[in-house]
Amino acid sequence: MEVIRHDVVLVGGGGAGLRAAIAVAEADPELTVACLSKVYPMRSHTVSAEGGAAAVAREDDSPELHAYDTVRGSDYLADQDAVELFVEEAPIELTRLEHWGCPWSREEDGRIAVRAFGGMSVERTWFAADKTGFHMLHSLFQTSLKYENIVRLDETFVTRLLVEDGRVRGVVALDLRTGSARAVLGRAVVLATGGAGRIFPFTTNAAIKTGDGMALAYRAGVPLKDMEFVQYHPTGLPGTGILITEASRGEGGVLLNANGERYLERYVPNKMELGPRDMLARAAILEFQAERGFKGTYGPYVHLDLTHLGEAKIDERLPFVRELAIHYVGIDPVKEPIPVRPVVHYMMGGIDTDGNGATELPGLYAAGECASVSINGANRLGSNSLSECLVFGARAGRAAAAFAREVDDRNEPAVPEQARDEEGRIEALRGKSGGERIVDLRREMTSAMERGCGVFREEDEARHTLQTVAQLKGRYTDLGLEDRSRVFNTEIVSALELGHMLDVAEAVALAALERKESRGSHTRTDFPARDDENFLKHTLVRFAPQGPKLDDKPVTITRWQPEERKY
Amino acid sequence: MEEKRTIRFEVLRFRPEQDEEPVWQTYDVPCRPDWVVLDAINYIKDEIDPTLSHRWSCRMGVCGSCGMMVNGTPKLTCSAFVRDYPDPIRVAPLSNFPIVRDLVVDLESFIEKLERVKPWIIRRAEKDPALGEYLQSPEDLSNFKQYSMCINCMLCYAACPVLLHEPEFLGPAALALAFRYNQDSRDEGERQRLGVLNSPEGIWSCSYANECSEVCPKGVDPAAAIQKQKLLGFLQWARVVAPRGGA
C-alpha cells in the first residue's frame, strides 16, 4: 500500500478547504499541505452559492451590529465568543479575496457594493452578481495554484482517519483513478468537506454533499454538535430543488400565495421577505397546510415575484436566477413569478470545534459547513456561511500549521495496521455479494428523514425515523455491489458515501428527538416554545458501537442575553 | 402528472480492465418529460447498470462536472433536456481527451495548462488587506467579467478543431482565463504571461474556428478573448521588443 507523508493533510477543496490550504502554505513555506478532494476542487459545492458573503463594509454598520444580528438569528444558540471573532475578521478575509481577484460587484466610485439579506439589519452582503460562491471558489482555486507547497490529490476519496496515541496521524483515501487505497500521513488533519444535504430527498445540495467529514470525525470519537438544526431555504425550484437566491428578495422580490397575498404579513410583519430563513420556511409550509399554496406536479408552491424589478436590474444583479428559471422551469422572471418552495439547504450542526477549528482530538481541525464552531446556532443567517468558510478556514489552517510544527511523527507503530485494515474494508466492497441495493437504502433513508426531521417535527415521527435509520444501518451490511473493477469505480464511492450519510442521519434524528423545545430551524409541534431553562445548550452526539450517545455542552454567552426573537 | 416516455440511450462504454476499445451499450430508460440527459444517466446507474461510471455534482450548470458528447455535440448533461433530442440519444465522453473509463475523461492536461498561464493576480507589491480593497469601477469590472465566467467544463476543448491535431495547444478556457487576468485592473502580471501566451502552444495556434464560443454554456466567448489577446500581444511585442532594435 502506498504511503505518502505531508505535514498537514486537508480533506476537501471547497471554500474552507482552499482557504485553509493557503493559510498553511503562507504560515510556513517549509510545510507541505496535501489537499485531498473527492472531485476537482473547482467542482466543490461552494460553486453553487449565489447571493453573497456578509462582512461589515459601511459607515452605518459595526461589528457589534453584525454580531447581534447573527446571535439573534441563531435563536441564541451561537457561541458568542466565536461570533465576535467572526465579525471582526470577516471584512479582512473578504478584502483579501478581493486582492486575490474575486470580481466583487462594485459601486460607481469603485468600492465594493453590498446588498440587503435576510435577518441582517443593514446592507452588508458582498456579492459578485448572483454567482458569489462560483467566483469565490475559482478565485481561491486559481490563487492556490501559485503555492508550490500545496500538493493537490484530486479525485481522492478519504474513508478513514488514522488515530494513534491520542492524536490524529493522517487518513486513508481511495484514489479513484487507480482504485487503490493510499495512506496519506500528516501531523495535522483539517476536515473541510461541507454539508450533508443529501440525507434528505429534496435539497439544494450537490450530489457530493454526503457528510463525509462529519462521519469521519464521528467515527474517530469526535462529537457532532447541534445536528438537529437543518436549514430549509425558503425558495427552491419545485422538482429539482435548485436554489433561487435570497438575494432576489434582498433586491426587492416578494413572496405571494395562491390568493395573491404577501402572506408574510401574518408571520414576520416587520421584516417580510427579509425575515430569517427558519421563519420564512415555516410560513410557506403553514400556507400550504391552509390550502393557500399553488398546486403543482411536485407538490404545493408559492410565487416569488421579481417582475417589478425590471429587466435591467434583474440582468445586472440576478442574471443567474433568470438563467435558472428560464432553463429549468421555463419561466422568465422578468415577465412572470417564479414557483418556489422550501428546500433543505444547510446544516447548522457539524463537527464540534472551537474558534481555531480544533476538535477534541489533538491534531484534528474542521472548518466550513462540516464544522460547528458555532456561529450559526439554531439558524444561520443567509450570507454568513461563505464568510465563515474564509474566516474559520484560515484560522483552522493556521492552527493546523502551528500544531504540525510542534509535534513529531513518532509513536505511530499501529498506523500501518490501521491503514491496511481500512484498505481491506474498501477491497471487501468491490463486487461484494449481498441482497440490498444502494439506491433502495438511500431512498428509504431520505424519505424517513423528510418525514421525521422536516420543517415541523414531533416525537413519534422523529422516533420512527431514528429507528428506520438504525434498521437501514443493519441492512447496509448486506449491501450487494456489481462493479468488480478498480478504475474509477463510482459504485464503491456511492456505497461508502451511503455509509457516511447513514451515520449523519442517525445523529440528526437522535438530536431532533431529544431536543424537546422549538428553537430556530428545529420546530417541535409537541413543544412549540423555546425552553431556555432546559435547552439553552448544545446537543452533542457521540459515536458508540451499540448506537449513538447523547451529550451536551453549554453555550458561550458574552454580551447578548437571550430575549424573545421577533421580527 | 405527465406520462413517462421510454427513450433509448446509446452510451459509449470503456472499461480499461476488460475492454480493448470503447463499445456502445444500449439502455431503455423511462424518462419524465422534464428530465435532462443527466437524469437518465443517473437512472441507468441506479436502476439498470451500476457499473456505468460518470461524473456529476451540482445539476444546475455551474460545477462543470457533467460535460459529455450528446449526439456528437459537447453539452452539460444537467442542462440538456431529453425532450430536445430525437430517439435514440447517443452519449459519449468528451472528445479530445483520453478516456479514463466510460464517460469519465482525463483532465490532468487541462490542469497543467491552467497552471502555466498563471491564472492569479500578480502584483509587484502586495497590499495589506487591512488597508482596504483595490478600487475598481463597474467599467473596469466589465472589461474582464465575461471571461471570469468560465466553469472549466471543458466543452470548448471537446469542440476545438486545433486540439484534435495539436493536443499541446493551451486551449480556449486556459487562454481566456489568462486574458481575464491581463484585463483585470488589479493585475500587473501581463508580462509574466506573455511568454507562454506567445509560445507555440499559445494564442497563435488558434485558427479562430469559433467552435469554442458556440458550445460555451456560460457565454464566455473564448474565441474573442484569444483574438483580443493576439492584438494586445502584438502591441506589447511592438512596445517591448521593437524599441530595442527588433522590427
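The shown structure was predicted, so the numbers you read here are calculated from the model rather than taken from an experiment. (Residues numbered from 1 in each chain as written. Chains lettered and ligands numbered in written order. Predicted model: local features only at pLDDT ≥ 70, side-chain atom pairs only at ≥ 80, totals over all residues. Heavy atoms only, no water.)

Moving on, we come to the overall build of chain B. Regarding its fold elements, chain B presents nine helices and seven strands. Along the first, second and third principal axes, the C-alpha atoms of chain B reach 70 × 40 × 30 Å. Put simply, chain B has 247 residues, and 56% of those count as buried. Contacts in chain B between residues far apart in sequence, at least 24 positions, make up 61% of those at least 6 positions apart. Split by element, the accessible area of chain B, about 10,600 Å² in all, is 50% carbon and sulfur. (Helix = DSSP H or I, 4+ residues; strand = E, 2+ residues; numbered from the N terminus. Buried < 20%, exposed > 50% of the residue type's maximum accessible area, 1.4 Å probe, protein only. Contact = heavy atoms within 4.5 Å. Areas by Shrake-Rupley, 256 points an atom, 1.4 Å probe, with all protein chains shown as cover.)

Let's shift gears to the overall build of chain A. Counting its regular elements, chain A contains 15 helices and 23 strands. The C-alpha radius of gyration of chain A comes to 22 Å, within 12% of the 24 Å expected for a compact globule of 567 residues. For chain A, buried positions account for 69% of its 567 residues. Counting only contacts in chain A whose residues sit at least 6 apart along the sequence, the fraction spanning at least 24 positions is 75%. When the accessible surface of chain A is split by element, carbon and sulfur atoms take 48% of a total near 17,500 Å². (Rg over C-alpha atoms; globule rule 2.2 N^0.38 Å.)

Residue and element names in this part refer to chain A. If you trace the five strands from one edge of the open sheet to the other, you get β19-β17-β12-β22-β23, paired in mixed fashion. Of all strands in the sheet, those with a lone pairing partner are β19 (371–372) and β23 (549–554), marking the two edges. Taken together, the two bridges between strand β12 (residues 224–225) and strand β17 (residues 350–352) define a ladder with antiparallel strand orientation. Each residue of the ladder has a partner; that of L224, found in β17, is I351. Here helix α5 (residues 212–219) sits on the sheet in contact with β12, β17 and β22 (537–542), set at roughly 35 degrees to β17. Helix α14 (residues 490–514) contacts β12, β22 and β23 of the sheet and is inclined by roughly 140 degrees relative to β22. (Pairing = 2+ DSSP bridges. Axes fitted to C-alpha atoms, helices over the stretch in contact; angles between N-to-C directions.)

Right, let's get into unusual backbone geometry. Cis geometry is found at the peptide bond from V373 of chain A to S374 of chain A, where omega equals 5 degrees. Relative to the elements of secondary structure, S374 of chain A occurs in the loop between β19 and α10 (384–406). Phi angles above zero are rare outside glycine, and D102 of chain B is one such case at about 45 degrees. Tracing the sequence through the fold places D102 of chain B in the loop between β6 (99–101) and β7 (104–105). Even without glycine at this site, N152 of chain B takes up a positive phi of about 60 degrees. Note that N152 of chain B resides in the loop between α3 (138–142) and α4 (155–159).

Below, the discussion takes up α10 of chain A. Along an α-helix, residues three or four positions apart point the same way, because every turn accommodates 3.6 residues. Its 23 residues place the ends of α10 of chain A 32 Å apart at the C-alpha level, agreeing with the 33 Å of an ideal helix rising 1.5 Å per residue. Summarising burial for α10 of chain A: 19 of the 23 residues are buried, a large majority. (Expected span 1.5 Å × (residues − 1).)

A separate point is the interface of chain B and chain A. Taken residue by residue, the interface counts 67 residues in chain B and 68 residues in chain A. Contact between chain B and chain A buries roughly 5,600 Å² in total, counting both sides, with carbon and sulfur atoms accounting for 53%. Taken together, the connections running from chain B to chain A amount to nine salt bridges. For E155 of chain A, the salt bridge goes to R55 of chain B, with nearest N and O atoms at 2.7 Å. Of all the secondary structure elements, the ones that give two or more residues to the side of chain B that touches chain A are α1 (37–48), β6, α2 (108–116), α3 and α6 (172–182) of chain B. (Buried area = accessible area lost by both parts, 1.4 Å probe. Salt bridge = Lys/Arg side-chain N within 4 Å of Asp/Glu carboxyl O.)

Turning our attention to the packing of helix α1 (residues 15–27) of chain A against α10 of chain A. Angle between the axes and distance between the axes are the two parameters that describe a pair of packed helices. Residues and elements named next belong to chain A. α10 packs onto α1 with a crossing angle of 40 degrees between their chain directions and a minimal axis gap of 7 Å. Taken together, the axes of α1 and α10 lie oblique to each other. When you trace α1 past α10, the crossing you get is right-handed. Note on element contacts: α10 touches α1 through C389, L390, G393, A394, G397, R398, A401 and R405, opposite G15, A16, R19, A20, A23, V24 and A27. The residue inventory of the contact of α1 with α10, partitioned by class, reads nine nonpolar, three polar and three charged. (Parallel < 35°, antiparallel > 145°, perpendicular 65-115°, else oblique. Left-handed = near helix turned anticlockwise from the far one by under 90°. Nonpolar A, V, L, I, M, F, W, Y, C, P; charged D, E, K, R; others polar.)

Moving on: the sheet that holds strand β4 (residues 53–54) of chain A. All names here are of chain A. A sheet is described by the order of its strands in space; here three strands give the open sequence β4-β6-β5, paired in antiparallel fashion. Since the sheet does not close on itself, it has two edges, and those belong to β4 and β5 (114–115), each with one partner. Of the strand pairs in this sheet, β4 and strand β6 (residues 125–126) are connected by two bridges, and their pairing is antiparallel. Within β6, the position partnered with A54 by the bridge is T125.

All right, on to the pairing of strand β13 (residues 230–236) of chain A then. Residue and element names in this part refer to chain A. The buried fraction of β13 is high, at seven of seven residues. Where β13 lies against strand β16 (residues 338–347), five bridges are found, and the strand directions are antiparallel. Bridge pairing in β16 links V230 to M347.

All names here are of chain A. In terms of domains, chain A is made up of domain 1 (233–343) and domain 2 (417–536). Each of domain 1 and domain 2 was reduced to a C-alpha centroid, and the two centroids are 30 Å apart. With five residues of domain 1 at the interface, the matching set in domain 2 holds five residues. Area buried by domain 1 at its contact with domain 2 is led by D278, R282 and I285, which between them contribute 79% of it. On the surface where domain 1 and domain 2 come into contact, there are zero salt bridges. In terms of residue class, the side of domain 1 that touches domain 2 is built from two nonpolar, one polar and two charged. (Domains from an automatic or database assignment.)

For the rest of this paragraph, the subject is the pattern of salt bridges. Residues and elements named next belong to chain A. Counting across every chain of the model gives 87 salt bridges over all chains. Residue R182 pairs with E2 through a salt bridge whose shortest N-O separation is 3.0 Å. Taken together, the residues span a long stretch of sequence, with R182 in strand β10 (residues 180–185) and E2 in strand β1 (residues 2–5) at a distance of 180 residues. The exposure class assigned to E2 is partly exposed, which follows from its relative accessible area of 41%.

Looking now at the environment of P222 of chain B. Mapped onto the secondary structure, P222 of chain B falls in helix α9 (residues 222–240). As for P222 of chain B and C212 of chain B, which are separated by 10 residues in sequence, their C-alpha atoms are 6.5 Å apart.

Now for the side chain of E246 of chain A. Residue and element names in this part refer to chain A. Structurally, E246 can be placed in the loop between β13 and α6 (247–250). Polar contacts involving the side chain of E246 include one to the side chain of R277, which spans 2.4 Å. For E246, the contacting residues outside a window of four places in its chain are F117, G118, H233, R277 and G382. (Polar contact = N/O pair within 3.5 Å; in protein donor to acceptor, adjacent residues only side chain to side chain.)

Moving on, we get to a nonpolar patch on the surface. Among the surface-exposed residues, W204, L231, F234, L235 and W237 of chain B lie close enough to one another that they form a single nonpolar patch of about 540 Å² accessible area. Structurally, the position occupied by F234 of chain B is in helix α9. (Patch = residues over 30% accessible without salt bridge, like charges linked within 9 Å, V, L, I, M, F, W, Y side chains within 5 Å.)

Moving on, we get to the domain arrangement of chain B. All names here are of chain B. Looking at chain B, the domain boundaries give domain 1 (5–105) and domain 2 (108–244). Of note, the centres of domain 1 and domain 2, computed from C-alpha atoms alone, are 31 Å apart. Contacts between the two partners involve 13 residues from domain 1, matched on the other side by 15 residues from domain 2. Across the domain 1/domain 2 interface, buried area totals approximately 980 Å², and carbon plus sulfur atoms make up 66% of it. It is P74, N96 and F97 that lose the most area in domain 1 upon contact with domain 2, and together they represent 50% of the buried surface on that side. On the surface where domain 1 and domain 2 come into contact, there are zero salt bridges.

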